[in-house]
Amino acid sequence: YCERGSDAAFWAEPLNAISNAAFLIAAVIAGLRLSQSQPRDRGATPEWLLVMLAGLVGIGSFLFHTFATKWAVTADVGAIFAFTYSYFGYALRRYFGFGWLETIAGLAVLLGAFVGAAHFPCDPGLLPITAAAGKSCLNGSLEYLPVLGALGLVGAVLAARAHPAGKYLLAAGAVFLASLMLRTFDIEICALTGWLGKLRGTHFLWHCLNAVTIYLLLAAAVSTGSGTARLRPAA
């Protein structure tokens, strides 16, 4: 990323590393809301699992932006996809009331979308500076398009059926779109982002807005995920 450049030091990406605290803050706030909103006699295990996975996203990303090794990449990507798949499965079960077979089929579709996005033809010339730096087309952001699509599609269906989670997912999709743009242009506008004697890029803002995205998703789970607010038939 822009902030690291060719520096292999542990603190070569201070903003990229410290901004991961936003994920922990999102998880803590959602956890406090969850502890206050769930009666003791009603289980909230799935919601607590999502809160913990949100915290792990911040930890995995911090490891990647400090150690910058292959195992740290695995920790980063693994945490992101664990939260993504867990939340999508949660949404299908809680918001739509799907059975396990339907949920597994939905997760398989999402997996296929990720594979398709990873192999989608893309012209490196779309971002010439990024391409010249040896980065993948659009700085690898194509692989996150299925997440954006899932947020938009699921959110739109829920909103159309007046499900209370719909507004949360649509808002999360809008924030994630802005976040994805900042991730995409990190290298492209790197030279314009000098601050305190170092180029910073925009990747740290990707972290901050992603934390907002995750918080909105957790807020939907806390507010509407008890299983009582499922999809209603259209009028």
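Description of the structure in this document. (Residues numbered from 1 in each chain as written. Predicted model: local features only at pLDDT ≥ 70, side-chain atom pairs only at ≥ 80, totals over all residues. Heavy atoms only, no water.)

## A short note on the layout of surface pockets
Reported here for the largest pocket is a volume of approximately 660 Å³. In terms of lining residues, the largest pocket is bounded by 35 residues, among which Ile80, Thr84, Tyr144, Trp206 and Asn210 are the most central. Broken down by secondary-structure element, the contributors of at least two residues to the lining of the largest pocket are helix H3 (45-67), helix H4 (70-95), helix H5 (100-118), helix H7 (145-160), helix H8 (166-184) and helix H9 (203-224). With ten residues, H4 is the single largest residue contributor to the lining of the largest pocket. Grouping the amino acids of the lining of the largest pocket by side-chain chemistry returns 24 nonpolar, eight polar and three charged. (1 Å grid on protein atoms, 1.4 Å probe; cavity = no way out; pocket = protein on both sides within 12 Å on 5 of 7 lines; lining within 4 Å. Points joined across faces, edges and corners; volume = space filled by probe spheres on them. Helix = DSSP H or I, 4+ residues; strand = E, 2+ residues; numbered from the N terminus. Nonpolar A, V, L, I, M, F, W, Y, C, P; charged D, E, K, R; others polar.)

## Thoughts on the pattern of salt bridges
Enumeration over the complete set of coordinates arrives at three salt bridges. Put simply, Glu47 and Arg94 hold a salt bridge, and the shortest N to O gap is 3.6 Å. Taken together, the residues Glu47 in helix H3 and Arg94 in helix H4 connect sequence positions 47 residues apart. (Salt bridge = Lys/Arg side-chain N within 4 Å of Asp/Glu carboxyl O.)

## Some thoughts on the side chain of Asn16
In this structure, Asn16 sits in helix H1 (residues 14-18). Engagement of the side chain of Asn16 in a polar contact is seen with the side chain of Glu13, the distance being 2.8 Å. Discounting residues that sit within four places of it in the chain, Asn16 has contacts with Tyr1, Glu3, His65, His203, Phe204 and His207. (Polar contact = N/O pair within 3.5 Å; in protein donor to acceptor, adjacent residues only side chain to side chain. Contact = heavy atoms within 4.5 Å.)

## Comments concerning the packing of H4 against H9
Closest axis-to-axis distance for the H4/H9 pair is 12 Å, and the angle between their directions is 30°. Accordingly, the angle class assigned to the pair H4 and H9 is roughly parallel. When you trace H4 past H9, the crossing you get is left-handed. Residues Phe83, Tyr87, Tyr90 and Tyr95 of H4 touch H9, and the partners they reach there are Ile214, Leu217, Leu218, Ala220, Ala221 and Thr224. Looking at the contact of H4 with H9 residue by residue, the classes come out as nine nonpolar, one polar and no charged. (Axes fitted to C-alpha atoms, helices over the stretch in contact; angles between N-to-C directions. Parallel < 35°, antiparallel > 145°, perpendicular 65-115°, else oblique. Left-handed = near helix turned anticlockwise from the far one by under 90°.)

## Looking at H8
With 19 residues, H8 should reach 27 Å at 1.5 Å per residue; the first-to-last C-alpha distance of 27 Å fits that figure. When H8 is considered as a whole, its buried residues turn out to be Gly166, Tyr168, Leu169, Ala172, Gly173, Val175, Phe176, Ser179, Leu180, Arg183 and Thr184. Tucked into the core, H8 has its buried residues touching H4, H7 and H9. (Expected span 1.5 Å × (residues − 1). Buried < 20%, exposed > 50% of the residue type's maximum accessible area, 1.4 Å probe, protein only.)

## Considering the side chain of Glu3
Of note, Glu3 is situated in the segment before H1. Residue class for Glu3 comes out buried when judged on its relative accessible area of 1%. Looking at Glu3, its side chain comes within polar contact range of the main-chain nitrogen of Leu15, at 3.0 Å. Leaving out residues up to four positions away in the same chain, Glu3 has contacts with Ala12, Glu13, Pro14, Leu15, Asn16, Lys198, Leu199 and Arg200.

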